Amino acid sequence: MTGISYDRATAEQYRLAREVPRAGLAAWRAAIEAAVEAAAERTPGLTPGMTVLDVGAGTGGFAAALHDWFGVHVVAVEPAEAMRALIPRVPATDGRPGIEALAGRADALPVPDGGADAAWLGSVLHHIPDLPAAARELRRALKPGAPVLIRNLFPGRADRDLRVRFFPETVAEIDGYRTVDGVCADFAAAGFVRRRLVAVPQESAPSLGHYARLLRRDTDSKLRALSDEDFERGMARLRAADPAAPATSWMDLLVLA
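Reading guide: rules and limits
- Residues numbered from 1 in each chain as written.
- Predicted model: local features only at pLDDT ≥ 70, side-chain atom pairs only at ≥ 80, totals over all residues.
- Heavy atoms only, no water.
- Helix = DSSP H or I, 4+ residues; strand = E, 2+ residues; numbered from the N terminus.
- Expected span 1.5 Å × (residues − 1).
- Contact = heavy atoms within 4.5 Å.
- Buried < 20%, exposed > 50% of the residue type's maximum accessible area, 1.4 Å probe, protein only.
- Pairing = 2+ DSSP bridges.
- Right-handed = clockwise from strand over helix to strand, strands pointing away.
- Axes fitted to C-alpha atoms, helices over the stretch in contact; angles between N-to-C directions.
- Arc of directions from axis to C-beta.

Caption draft 1: Layout of helix α11 (residues 228-240). A rise of 1.5 Å per residue sets the reference length of α11, with its 13 residues, at 18 Å; its end C-alpha atoms lie 18 Å apart and thus fit the reference within 8%. Looking at the buried side of α11, the elements it contacts are α6 (162-166), α9 (208-214) and α10 (221-224).

Right, here's the structure in full:
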C-alpha cells in the first residue's frame, strides 16, 4: 500500500483525528450486519467465532468495533509499523475470539487459504497500488461465497462527505479514485460479483466544533493534496459553521461476494 508515511506521533494523530467515535458508528453496525446477511445468504450474517480480515486496518478502530459488535475473531493486517502498534490486541482465550495484528499488504496477506468468513477494507482502496492483485489475494484468503465489505469514497458519490462539504477542492483528489464500476471490474476478474452499494452516515465527531479542533491536515491524503490557500479557506468555512451542529459524514459500503 502507498500513501502517508507514519511515525509513532503521526500515527497517534491519525488515531485521534480520523477514528470515528464508536457512538458515531451505529449506522455502520446495522449496514454491515444487513450486507453480510444479504451477500452470504445467511441470518445472522456475522456470528461469534467467525474470522474477519481487516485489510489496511490503520490504528484498529474498526477492528475493535467488529470484534465487539459481532464477537468475531479479527485479523488486522496493516503494513505501517507505527499504525499497527496502536491496534488493540485481544488474546483469544477460553474459546473467545480475539484481535491479532499482522504485518502485511492487501496483495500479500499473511493468512492461510480459505480461512476467513469476510473481509473489511475501510478507506484503503486508494492506498492499494494493484487492486486486481489484491482481489485475487482476497479470493485466496476467503471461504467460498464470503463477502468483501468496502467502506470508501467513490467519484461522483462523495458530495455528503464532510471534507468535500468544507473543502470542495478535495473532489479533484476523489475523482482520481477508482470508480464503483472500476472496482467491481477488478474484483470480477477474481470471481467476485457486486451484491450491494449503500451510502451510510456516521457522526465523525460529537459536533462540527469538535471536528474542527480534531482535524489534522497531515493525517489525510485528501487535505494534504490541497494548496495552503485552499486548506485555509476550508478551515474558515468550518469555523464559521454552527459549532454545535452534528458532524455527519457519509461514505459508501460496497459489498462483493
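Resuming the write-up.
Caption draft 2: Structural detail: the pairing of strand β4 (residues 118-122). Burial within β4 is extensive, with five of its five residues counted as buried. Side chains Ala-118, Trp-120 and Gly-122 of β4 all project onto a buried face; the interleaved residues Ala-119 and Leu-121 project onto the opposite face, where all are buried too. As judged from the four bridges shared by β4 and strand β5 (residues 148-152), these two strands associate in the parallel manner. The partner of Trp-120 across the bridge, within β5, is Leu-149. Tracing the backbone out of β4, into helix α5 (residues 131-141) and back to the parallel element β5 gives a crossover that is right-handed.

Caption draft 3: Just the sheet that holds β4, in detail. In spatial order, the strands read β3-β2-β1-β4-β5-β7-β6; together these seven strands make up an open sheet with mixed pairing. With partners counted over all chains shown, the strands left at the sheet margins are β3 (99-102) and β6 (194-205), one partner each. Each strand axis lies, on average, 20 degrees off the axis of its neighbour in the sheet, ignoring direction. Across three bridges, the pairing between strand β1 (residues 51-55) and β4 is parallel. Looking across to β4, one finds that Asp-54 is bridged to Trp-120. Most of the contacts of helix α8 (residues 180-188) go to strand β7 (residues 247-256), to which it runs at about 30 degrees, and overall it touches β5, β6 and β7.

Caption draft 4: Fine view of helix α1 (residues 8-18). All buried positions along α1 are accounted for by Thr-10, Ala-11, Tyr-14 and Ala-17. For α1, the angular spread of buried residues about the axis comes to 135 degrees, placing them on one side. For α1, the exposed residues lying more than 90 degrees away from the buried face are Arg-8 and Ala-9. Lining the buried residues of α1 we find α4 (81-84) and α9.

Caption draft 5: Structural context of the pairing of β7. Most of β7 is tucked away: eight of the 10 residues are buried. Bridge count between β5 and β7: five bridges; the pairing is antiparallel. For Ile-150, the partnering residue across the bridge sits in β7 and is Leu-254. Here β6 pairs with β7 via 10 bridges, running antiparallel. From the neighbouring strand, Val-198 faces β7, where its bridge partner is Leu-253.

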